Amino acid sequence: MEEQILPETETETDVAELELEAVIGFNGRVPNGLKCHPDQEHLIYPLGCTVLIQAINTNEQKFLHGHGNNVSCLAISKEGDYIASGQVTFMGFKADIILWDYKKRELIARLSLHKGKIEALAFSPNDLYLVSLGGPDDGSVVVWSVAKRDAICGSPAAGLNVGNATNVVFSRCLDEMFVTAGNGTIRVWELDLPNRKIWPTECQTGQKKRIVLSTGMADDDSFFYLGTTTGDILKMNPRTKLLADTGPVKDKFSLGVSAVKCLKMGGLLVGSGAGLLVFCKSPSYKPIKKIQLQGGITSITLRGEGHQFFVGTEESHIYRVNFTDFKETLILTCHFEAVQDIVFPFGTAELFATCAKKDIRVWHTTSNRELLRITVPNMTCHGIDFMRDGKSIISAWDDGKIRAFAPETGRLLFAINSAHRIGVTAIATTSDCKRIISGGGEGEVRVWQIGCQTQKLEEALKEHKSSVSCIRVKRNNEECVTASTDGTCIIWDLVRLRRNQMILANTLFQCVCYHPEEFQIITSGTDRKIAYWEVFDGSVIRELEGSLSGSINGMDITQEGGHFVTGGHDHLVKVWDYNEGEVTHVGVGHSGNIMGIRVSPGNQYIISVSADGAILRWKYPFAS
């Protein structure tokens, strides 16, 4: 993270840091990424470059910032004193492992040896060693001393004629034994500390050739279990290195066994790529209890002995399951696709809506709870707006339809079919709730009259040559401004329904805002410049350097107009002084490109959304 901000702070003096209040997000695609801490009070999980520590009862969050790229694996020591996290990086570059002090919530050491990606991590039972597995470009296994924070020894993880090792699991009793497994390779390793060497032994599986997805070690080290892409489970004996049994014979797990957890009382919790969670026992592996969850299961983590456990899925859901009744409770959900838009209802900061791919979700601001989810399968929602009266959410879809939903129930109120030829790309509503203004992929701006039961096309304004990216309406509803990727912003007269003014720049415009006094607009886009324009004659007043890298995709201005906020491809949220044209605060926390940003009514929060599915809530830095 730090690397990205250094260039900024050299040029700008005394830029304060924005305070991150909460994050809605969980990267469910990280294998075994969800962990329950041994204190049984906290969940630890990755989101982009950040590791989140969340209190189970109070939902209070702490953030571990330190990775410069997405976190790819996590491990917690048996006593819970240490957390280790590994990341991905660019090909040929070193990928860091960070060792964290759990109690102090701070970075202890960076361990850098592997290239490209850290595939998996595991602590030894007495917290003496950490073993790490490099990704496909690296292929090595390294044992680190936790006390000395240094590598003891390393070795290629798999033999020459087999695929990559992707899993590592430590013995539960011995600090000197661990197992790696992957594509056609299962190895039991022994650490020879005096000679600083690790010695592998290949396990024999006879005729069975398998790709291992997940591993679990029994509490007494008697056996370890391997879940495979084929949908069966191999039970291996670590002492003899031989296959003990395998199953199920008939009903294999659909889309592979993606998570395996051994229970103290015997038996296994098994999660499949099709979202099936099963309790079963060797040798039959027939389901004794089972439930169906949403999204492929990537993590199963026990709370204490496993009377209760948590399950994470690819669709970024976290479930809590009580073992006895085997019923799931959804405790955390978030977008798992890029979030395209964020909007507050008029005059209230209590809730807000976001859209990503096929979902529109309404959130309760302070508790991060999802209040409503509206899903239109196989479609993509590009933009949303609340009607001023709060009675409907208007949404823009890539199938060319404008859909309106009731915000309490999610019921479809009306749909305007074939509103635009190449999908609806932007949308706005007037404050009298009588009109919708929509922009399309073909560049048309259309004005719709909305009655009690009717939706009528009033005018199609054909000036833009390329897709419309943003629409803002003036307070008196007599004028609106549209930004387009053709390098123009057009100010339209909504009374006479014709063009008033046109602004040209050598950029793809992504966002536009009216200053509250409405004689100026500010724009930004792919040229990274923030420009102020005179509404009256379309002349440019001033230009600011908005970012050092990549496009600016989102912008919003406060109700008084003293400050505005921006976000984009540099992953930074910036608060600007409108008159001075200078950055006052920077927020570091996103690990994906920021797609949209809003200041809440009443200036309490700034909410920003990004391409990795995260929604971040920041404290607005000025007293309103």
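Residues numbered from 1 in each chain as written. Predicted model: local features only at pLDDT ≥ 70, side-chain atom pairs only at ≥ 80, totals over all residues. Heavy atoms only, no water.

As annotated in an unreviewed UniProt entry, the chain is Cilia- and flagella-associated protein 52 from Phodopus roborovskii. UniProt lists a comment for the chain under the heading Subcellular location (unreviewed entry), and it reads "Cytoplasm, Cytoskeleton, Flagellum axoneme". Quoted verbatim from the Function (unreviewed entry) heading of the UniProt record, the comment on the chain is "Microtubule inner protein (MIP) part of the dynein-decorated doublet microtubules (DMTs) in cilia axoneme. Important for proper ciliary and flagellar beating. May act in cooperation with CFAP45 and axonemal dynein subunit DNAH11. May play a role in cell growth and/or survival." (UniProt positions renumbered as here; feature names shortened; annotations may be inferred.)

Before going further, it helps to examine the sheet that holds strand 45 (residues 488-493). Spatially, the four strands line up as an open sheet ordered 43-44-45-46, and their pairing is antiparallel. The sheet is open, and its two borders are formed by strand 43 (468-473) and strand 46 (498-504), each paired with just one other strand. Averaged over neighbouring strand pairs, the angle between their axes works out to 20° when direction is ignored. Of the strand pairs in this sheet, strand 43 and strand 44 (residues 479-484) are connected by five bridges, and their pairing is antiparallel. Its bridge partner being in strand 44, R472 is matched across the sheet by V481. (Pairing = 2+ DSSP bridges. Helix = DSSP H or I, 4+ residues; strand = E, 2+ residues; numbered from the N terminus. Axes fitted to C-alpha atoms, helices over the stretch in contact; angles between N-to-C directions.)

Turning our eyes to something else, we now look at the sheet that holds strand 28 (residues 308-313). Taking strand neighbours across the sheet as the criterion, the four strands line up as 27-28-29-30 in an open arrangement whose pairing is antiparallel. Strands with a single pairing partner mark the edges of an open sheet, and in this sheet they are strand 27 (297-303) and strand 30 (328-333). Going from strand to strand, the sheet's axes swing by 25° on average, the running direction of each strand aside. Across six bridges, strand 27 lies against strand 28 in antiparallel orientation. Within strand 28, the position partnered with T301 by the bridge is F310.

The next subject is the pairing of strand 38 (residues 412-416). Looking at chain direction, strand 37 (residues 402-405) and strand 38 are connected through four bridges and run antiparallel. If you follow I402 over to strand 38, its bridge partner there is I416. Counted along the chain from strand 37 to the antiparallel partner strand 38, the turn is six residues long, and its residue G410 has a positive phi close to 80°.

A covalent bond between the sulfur atoms of two cysteines is referred to as a disulfide. Overall, the coordinates contain zero disulfides when judged by the stated rule. In this structure C334 is not part of a disulfide, and its nearest cysteine sulfur, from C355, lies 15 Å away. Cysteine C489 shares no disulfide, and the gap to the nearest cysteine sulfur, in C470, comes to 8.2 Å. (Disulfide = S-S within 2.5 Å.)

Structurally, K286 is set in the loop between strand 25 (276-280) and strand 26 (287-292). Since its relative accessible area comes to 58%, K286 is described here as exposed. A C-alpha to C-alpha distance of 8.3 Å links K286 and D251, two positions 35 residues apart in sequence. Not counting residues within four places of it along the chain, the set of residues in contact with K286 comprises F279, C280 and K281. (Buried < 20%, exposed > 50% of the residue type's maximum accessible area, 1.4 Å probe, protein only. Contact = heavy atoms within 4.5 Å.)

Per the counting criterion, the structure on display carries 14 aromatic pairs. Here F178 and W189 contribute two aromatic rings whose centre-to-centre distance is 5.9 Å and whose plane-to-plane angle is 10°, an arrangement assigned as stacked. Of this pair, F178 sits in strand 16 (residues 177-182) while W189 sits in strand 17 (residues 186-192), placing them eleven residues apart in sequence. Judged by its relative accessible area of 1%, F178 falls in the buried class. By relative accessible area, which is 0% here, W189 ends up buried. Ring geometry for F564 against W576: centres 5.8 Å apart, planes inclined by 0°, an arrangement best described as stacked. Here W576 lies in strand 53 (residues 572-577) and F564 lies in strand 52 (residues 563-568), a separation of twelve residues in the sequence. Taken together, F279, F309, F323 and F326 form an aromatic cluster joined through their ring pairs. Above the face of the Y102 ring, R105 is positioned so that its terminal group lies 4.6 Å from the ring centre. Sitting over the ring of F223, K235 keeps its end group 4.2 Å from the ring centre. (Phe/Tyr/Trp six-rings, centres within 6.5 Å; stacked < 30°, edge-to-face > 60°. Lys NZ or Arg CZ within 6 Å of the ring centre and 35° of its normal.)

By secondary structure assignment, the location of D232 is in the loop between strand 20 (224-228) and strand 21 (233-237). Using a relative accessible area of 2% as the deciding quantity, one classes D232 as buried. A polar contact is formed between the side chain of D232 and the side chain of R210, at a distance of 2.8 Å. At 2.5 Å, the side chain of D232 forms a polar contact with the side chain of T228. If sequence neighbours within four positions are ignored, D232 has contacts with R210, L226, G227, T246, G247, P248, K252 and V257. (Polar contact = N/O pair within 3.5 Å; in protein donor to acceptor, adjacent residues only side chain to side chain.)

Attention now moves to unusual backbone geometry. Going from G247 to P248, the amide bond is cis rather than trans, its omega being -10°. Within the secondary structure layout, P248 lies in the loop between strand 22 (242-247) and strand 23 (257-262). Cis geometry is adopted by the peptide bond preceding P283, which originates at S282 and carries an omega value of 5°. Of note, N378 is a non-glycine position whose phi angle comes to about 65°, a positive value. As for its position among the elements, N378 is in the loop between strand 34 (370-375) and strand 35 (381-386).

Applying the stated criterion to the full structure yields 25 salt bridges. Put simply, D81 and K103 hold a salt bridge, and the shortest N to O gap is 3.2 Å. Within this pair, whereas D81 is found in the loop between strand 7 (71-76) and strand 8 (82-87), its partner K103 is found in the loop between strand 9 (94-101) and strand 10 (106-115), the two being separated by 22 residues in sequence. Of the residues examined, D81 reaches a relative accessible area of 30% and is grouped as partly exposed. Put simply, D219 and K264 hold a salt bridge, and the shortest N to O gap is 3.9 Å. (Salt bridge = Lys/Arg side-chain N within 4 Å of Asp/Glu carboxyl O.)

Taken from the UniProt record, the annotation "repeat: WD" (unreviewed entry) applies to residues 111-146, 417-450, 461-494, 545-586 and 587-624. Annotated as 0% helix and 64% strand, the span residues 111-146 places its first and last C-alpha atoms 10 Å apart. The span residues 545-586 is 0% helix and 57% strand, and its two end C-alpha atoms sit 15 Å from each other.

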